[in-house]
Amino acid sequence: LDIEGNIQYLNKSALEILKCDSSVIGENWFSTFVSPSDREALRENFQEIISEKNITDVENIVHILNSENEEKTLILRHAFVYNDDGMIKGLIYSGMDITNKIQIEKERQIVEEKIRHTQQLESVGILTKGIAHDLNNLLVGIIGNADLAMTEITPDSTASYYLKEIVRISKELSHLTQELLTYACKEKTLVKPISLTTIIKNISDLIELSIPKKIIM
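Because the structure is a prediction, the values reported are computed rather than measured. (Residues numbered from 1 in each chain as written. Predicted model: local features only at pLDDT ≥ 70, side-chain atom pairs only at ≥ 80, totals over all residues. Heavy atoms only, no water.)

(A) Structural view of the overall build of the protein chain. Broken down by element type, the protein chain carries six helices and three strands. From first element to last, N terminus to C terminus, the protein chain shows the α and β order α-α-α-β-β-β-α-α-α. The buried share of the protein chain, reckoned over its 217 residues, is 24%. Across the protein chain, the fraction of contacts at a sequence separation of at least 24, relative to all contacts at a separation of at least 6, is 47%. In the form shown here, the protein chain has an accessible surface area of approximately 15,900 Å², with 57% of it arising from carbon and sulfur atoms. (Helix = DSSP H or I, 4+ residues; strand = E, 2+ residues; numbered from the N terminus. Buried < 20%, exposed > 50% of the residue type's maximum accessible area, 1.4 Å probe, protein only. Contact = heavy atoms within 4.5 Å. Areas by Shrake-Rupley, 256 points an atom, 1.4 Å probe, with all protein chains shown as cover.)

Set out below in structure tokens:
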């Protein structure tokens, strides 16, 4: 590039990356190829280097748009170009296309994120399995004790109704724990139609007990 940022020479690799020919010689590098998101910052950096006659070892990551409007990511270093009098007449950029490398890194990150997500699901499954087993063990104790309690009272006792409800609801919860175990162990499930009316009737008493008495149904 000359001191105005106009293209003076492109080697074979640059022509292949930019997908252009020598007809772009004389065009402004920043306006023609640098992505709008990087254009002003890179132009200012270029002008600063030219005016201060100072080059650092910092590499620039630049996004460009080639002649086919494909975005490429380049990593560039620069050096001064001098004329016969030893005066700076421009900069020469050298570097490499790291577009594929960045894409591979993005794909690797996506795969890693999927692996982390899978591991999290597995952890949830293990936790769910443990909770379901513990809950099932508790329900066995509740049902067993309720059954024993019913042997100590008369069938027409008011407590008998509530004990039967405890057994029935506990068995419903037992079915729920089985569903949790099915999810956690990834077992095959049997899909069949159910009656929502029956389910609602089965839990209607439980719903009534959970609603404050001041609320009239």
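(B) A look at the pattern of salt bridges. Under the criterion given, the structure shown has seven salt bridges. Its salt-bridge partner being Glu-70, residue Lys-19 comes within 3.0 Å of it at the nearest N-O pair. Of this pair, Lys-19 sits in the loop between α1 (12–18) and α2 (29–32) while Glu-70 sits in the loop between β1 (60–65) and β2 (71–82), placing them 51 residues apart in sequence. Put simply, Glu-165 and Arg-168 hold a salt bridge, and the shortest N to O gap is 2.7 Å. Placement of the pair is Glu-165 and Arg-168 together in helix α5 (residues 158–185), with a separation of three residues, close to one helical turn. (Salt bridge = Lys/Arg side-chain N within 4 Å of Asp/Glu carboxyl O.)

(C) Structural detail: helix α4 (residues 99–150). With 52 residues, α4 extends 75 Å from end C-alpha to end C-alpha; this agrees with the ideal 76 Å at 1.5 Å per step. Inspection of α4 places Thr-99, Gly-125, Thr-128, Ala-132, Leu-139, Ile-143 and Ala-146 among the buried residues, and these make up the whole buried set. (Expected span 1.5 Å × (residues − 1).)

(D) Seen up close, the sheet that holds strand β3 (residues 88–97). If you walk across this open sheet you meet the three strands as β1-β2-β3, and the pairing is antiparallel. Each of the sheet's edge strands pairs with one partner strand only, and the pair in question is β1 and β3. For this sheet, the mean inter-axis angle between neighbouring strands, taken without regard to orientation, is 50°. Where β1 meets β2, six bridges bridge the pair, whose relative direction is antiparallel. Within β2, the residue paired with Leu-65 across the bridge is Glu-71. (Pairing = 2+ DSSP bridges. Axes fitted to C-alpha atoms, helices over the stretch in contact; angles between N-to-C directions.)

(E) Region of the structure containing the packing of aromatic side chains. On inspection of all chains with the given rule, the structure shows four aromatic pairs. With a centroid separation of 5.3 Å and an interplanar angle of 70°, the aromatic rings of Tyr-161 and Tyr-162 are classed as edge-to-face. Classification of Tyr-161 as partly exposed rests on a relative accessible area of 40%. (Phe/Tyr/Trp six-rings, centres within 6.5 Å; stacked < 30°, edge-to-face > 60°.)

(F) Spotlight on the environment of Ile-143. Within the fold, Ile-143 resides in helix α4. Its relative accessible area of 15% is what places Ile-143 among the buried residues. Along the sequence, Ile-143 and Ile-166 sit 23 residues apart, while their C-alpha atoms lie 7.3 Å from each other. Residues within four places of Ile-143 in sequence aside, it is in contact with Val-167, Ser-170 and Lys-171.

(G) Quick peek at the pairing of β2. Counted along the chain from β1 to the antiparallel partner β2, the turn is five residues long, and its residue Asn-69 has a positive phi close to 65°. As defined by bridge partners, β2 adjoins β3 across nine bridges and the pair is classed as antiparallel. Of the residues in β3, the one forming a bridge with Leu-76 is Gly-95. The loop that links β2 with its antiparallel partner β3 comprises five residues; one of these, Gly-86, has a positive phi angle of about 80°.

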